[in-house]
Amino acid sequence: MSSFTYSLELVYFIFTADFSKAMSQAGPSQFQEVIRQELEYSMKVELDKILATAPSNELEHTKKDLEGFKKLFHRFLQEKGPSVDWGKIQRPPEDSIQPYEKIKARGLPDNIASVLNKLVVVKLNGGLGTSMGCKGPKSLIGVRNENTFLDLTVQQIEHLNKTYNTDVPLVLMNSFNTDEDTKKILQKYSQSRLKIYTFNQSRYPRINKETLLPIAKDVSYSGENTECWYPPGHGDIYGSFYNSGLLDNLIAEGKEYIFVSNIDNLGATVDLYILNHLMNPPNGKRCEFVMEVTNKTRADVKGGTLTQYENKLRLVEIAQVPKAHVDEFKSVSKFKIFNTNNLWIALSAIKRLQEKNAIDMEIIVNPKTLDGGLNVIQLETAVGAAIKSFENSLGINVPRSRFLPVKTTSDLLLVMSNLYSLNAGSLTMSEKREFPTVPLVKLGSSFTKVQDYLRRFESIPDMLELDHLTVSGDVTFGKNVSLKGTVIIIANHGDRIDIPAGAVLENKIVSGNLRILDH
């Protein structure tokens with residue numbers, strides 16, 4: 001069979017267009033199948049060329065990665081249009097999403113240590129800090145009193161182990177981007193009271209959007225080839241965890257559940273009430289998969305939501321929604337909750353489903369433009385999408401405090417401020433804050449990079465009474481500034497605003513000529 005290629009737009013057209021008026025039923029399906037076979041053949045040829053460049057010590061690992069990618073690419077070519085039938089989406093049954101208060105009301109058993117000893121904490125540690133102007137793993141960015149995300153995680157688990165005399169290990173799922181730097185840092189925890197394990201998620205080739213072929217020509221991923229490869233999303237955890245051998249080792253040690261969360265979510269701490277509910281279910285039937293959800297605000301309208309779909313709980317992401325229903329999906333009144341990506345999953349269930357190749361996750365097509373202008377796509381999956389593959393799944397509607405992600409310097413300002421107090425690695429909202437909600441903070445592009453952000457604050461302002469802060473342009477803050485109510489500070493192009501030390505701004509607009517107006 002000859003090797004030829006089609007652009008992504010043409011493939012989408014071929015797979016989704018309605019040819020019924022022009023061709024018989026057999027015609028288009030056969031045509032589509034020929035196209036698919038040609039594309040898969042072309043991909044196989046290219047992947048074989050890449051594999052042939054692997055050194056002997058990397059051969060087996062590279063082969064597994066490329067086999068996994070080939071399966072994902074095959075599914076990508078099979079799927080047509082949005083992956084959900086909007087007409088089949090239903091509200092989840094009442095008992096399928098439990099309020100956290102009900103879980104907590106059950107209290108804790110006397111033998112909480114024996115329950116904790118069945119737990120493993122897994123942090124998703126594949127991301128870089130590039131969106132915040134940092135090089136290296138995002139988990140190594142200082143977020144509070146010079147503690148990094150990783151420091152705080154270690155402190156939390158160490159505190160648990162000391163308090164209850166337990167042996168809860170920490171597992172980090174690294175990517176090829178973060179593995180080396182993370183392993184160097186781990187040496188500093190050698191005296192800490194916890195075991196730390198790591199495994200790597202897969203390394204997949206980016207695809208040229210026009211040709212649908214890999215842009216990589218060999219297995220190397222340094223220098224010019226850095227942009228040729230990507231980690232395929234956190235849905236890769238199931239296969240990589242299983243392939244690493246770590247899953248079997250932890251089961252052999254008597255571990256039963258993993259608590260999975262993003263390492264940049266500072267609210268994702270081990271919750272003893274949820275763990276007890278898993279280990280000692282009130283109806284005697286254990287859940288294999290629990291997803292923590294929380295109530296949507298206007299800032300969360302794009303977040304994935306739990307629905308009932310073909311008699312199963314299913315996570316629906318905005319990318320899967322037909323365009324005509326996107327506004328409905330974003331509705332806070334219809335879809336009130338979203339996925340925090342704090343997940344509790346039975347190890348034995350992962351092993352069973354992995355061995356049967358029965359974990360089904362929708363493919364996320366992530367378009368990127370590389371530095372040189374080349375348009376590529378990444379095929380990814382999301383860990384929460386597997387919920388429909390597990391038995392007896394459950395959603396738990398948790399307080400907003402369990403979702404405290406730091407994606408931007410605006411988020412960083414919140415967690416560094418006096419809105420939160422730090423205790424044993426955990427952040428809790430200050431009791432002095434009168435409202436349970438977090439202020440809305442929008443820092444402009446001058447604050448995007450962490451080093452620029454830190455330079456613009458002599459000290460972090462008092463934000464206990466702040467509702468909303470918008471800052472745009474060349475603005476700096478002196479020491480001991482207080483921000484209250486709604487504060488908007490806008491330095492026009494060419495202007496600079498220095499908020500003086502000790503200033504108290506309450507319901508003020510500060511404009512480019514330094515006038516302070518009542519808001």
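Just so it is clear, the structure is predicted and the values come from calculations on it, not from any experiment. (Residues numbered from 1 in each chain as written. Predicted model: local features only at pLDDT ≥ 70, side-chain atom pairs only at ≥ 80, totals over all residues. Heavy atoms only, no water.)

1. Some thoughts on the UniProt feature "binding site: UTP" (unreviewed entry) in the protein
Selection criterion: UniProt positions are given in the numbering used here, feature names are shortened, and annotations may be inferred rather than shown by experiment. We count a stretch as a helix when DSSP gives it H or I for four or more residues in a row; a strand needs E for two or more, and each element gets its number in order from the N terminus. Two residues form a contact once any of their heavy atoms are found within 4.5 Å.
What UniProt calls "binding site: UTP" (unreviewed entry) maps, in this numbering, to Lys138, Gln201, Gly233, Asp264 and Lys407. By the secondary structure assignment, glutamine 201 is in the loop between β6 (196-200) and β7 (204-205). For glutamine 201, the residues in contact, after removing those within four places along its chain, are Gly126, Met173, Asn174, Ser175, Pro231, Pro232, Gly233, Asp236 and Ser240. With respect to the element layout, glycine 233 can be found in the loop between β9 (229-230) and α8 (237-243). Excluding residues that lie within four positions of it along the chain, glycine 233 makes contacts with Gln201, Glu380 and Thr381.

2. Remarks on the sheet that holds strand β16 (residues 375-380)
Heads up, the rule is: The pairing criterion is simple: DSSP has to find at least two bridges between the two strands. Orientation is described by axes fitted as lines to C-alpha atoms, over the contacting stretch for helices, and by angles from 0 to 180 degrees between their N-to-C directions.
The strand order β8-β16-β15 describes an open sheet built from three strands, whose pairing is antiparallel. Looking at the sheet topology across the chains shown, the edges are occupied by β8 (207-208) and β15 (364-369). Bridge count for β8 against β16 is two bridges, and the pairing is antiparallel. Paired with isoleucine 207 across the two strands is isoleucine 377, which belongs to β16. The strands that helix α3 (residues 59-78) touches are β8, β15 and β16; relative to β16, the one it contacts most, it runs at about 100°.

3. Some words on the pairing of β6
The test is simple: Consider the strands pointing away from the viewer: the crossover is right-handed when the path from the first strand over the helix to the second runs clockwise.
Where strand β5 (residues 170-174) lies against β6, five bridges are found, and the strand directions are parallel. In the strand pairing of β6, methionine 173 is matched with phenylalanine 199. Once the chain exits β5 it traverses helix α7 (residues 179-186) before rejoining the sheet at β6, and the crossover so formed is right-handed.

4. Digging into the packing of aromatic side chains
For clarity, the cut-off: Ring pairs shown here join Phe, Tyr and Trp side chains whose ring centres sit within 6.5 Å, with only the six-membered ring taken for Trp; geometry is labelled stacked below 30 degrees between planes, edge-to-face above 60, and tilted in between. Working definition: with a 1.4 Å probe on protein chains only, accessible area under 20% of the residue-type maximum means buried, over 50% means exposed, and in between means partly exposed. Here, a charge over a ring is recorded when the distance from Lys NZ or Arg CZ to the ring centre is within 6 Å and its angle to the ring normal is within 35 degrees.
Summed over all chains, the structure comprises 15 aromatic pairs. Seen from their ring centres, phenylalanine 199 and phenylalanine 241 are 5.1 Å apart, and the 15° between their planes marks the pair as stacked. A residue pair is termed long-range when its members are at least 10 positions apart, and phenylalanine 199 in strand β6 and phenylalanine 241 in helix α8 qualify at 42 residues. When sorted by exposure, phenylalanine 199 lands in the same class as phenylalanine 241, which is buried. With a centroid separation of 6.3 Å and 85° between ring planes, the pair formed by tyrosine 204 and tyrosine 230 is classed as edge-to-face. With tyrosine 204 in strand β7 and tyrosine 230 in strand β9, this pair connects stretches of sequence that are 26 residues apart. A connected cluster of aromatic rings, assembled from ring pairs, spans Phe69, Phe73, Phe76, Tyr204 and Tyr230. Looking at arginine 203, its charged tip hangs above the ring of phenylalanine 176, at a distance of 6.0 Å from the centre.

5. Here's the deal with the pattern of salt bridges
Heads up, the rule is: Every case where a carboxyl oxygen of Asp or Glu lies within 4 Å of a side-chain nitrogen of Lys or Arg is listed as a salt bridge.
Inspection of the entire model under this criterion finds 27 salt bridges. The salt bridge involving glutamate 46 is made with lysine 49; its shortest N-O contact spans 3.3 Å. Taken together, the residues span about one helical turn, with glutamate 46 and lysine 49 both in helix α2 (residues 26-51) at a distance of three residues. Classification of glutamate 46 as buried rests on a relative accessible area of 17%. Arginine 352 is the salt-bridge partner of glutamate 288, the closest N and O atoms lying 2.8 Å from each other. You can see glutamate 288 sitting in the loop between α10 (272-279) and β11 (289-295) and its partner arginine 352 sitting in helix α12 (residues 347-355), a full 64 residues away along the chain. Ionic contacts of the salt-bridge type, sharing partners, join the residues Arg75, Arg314, Asp360, Glu362 and Lys388 into one network.

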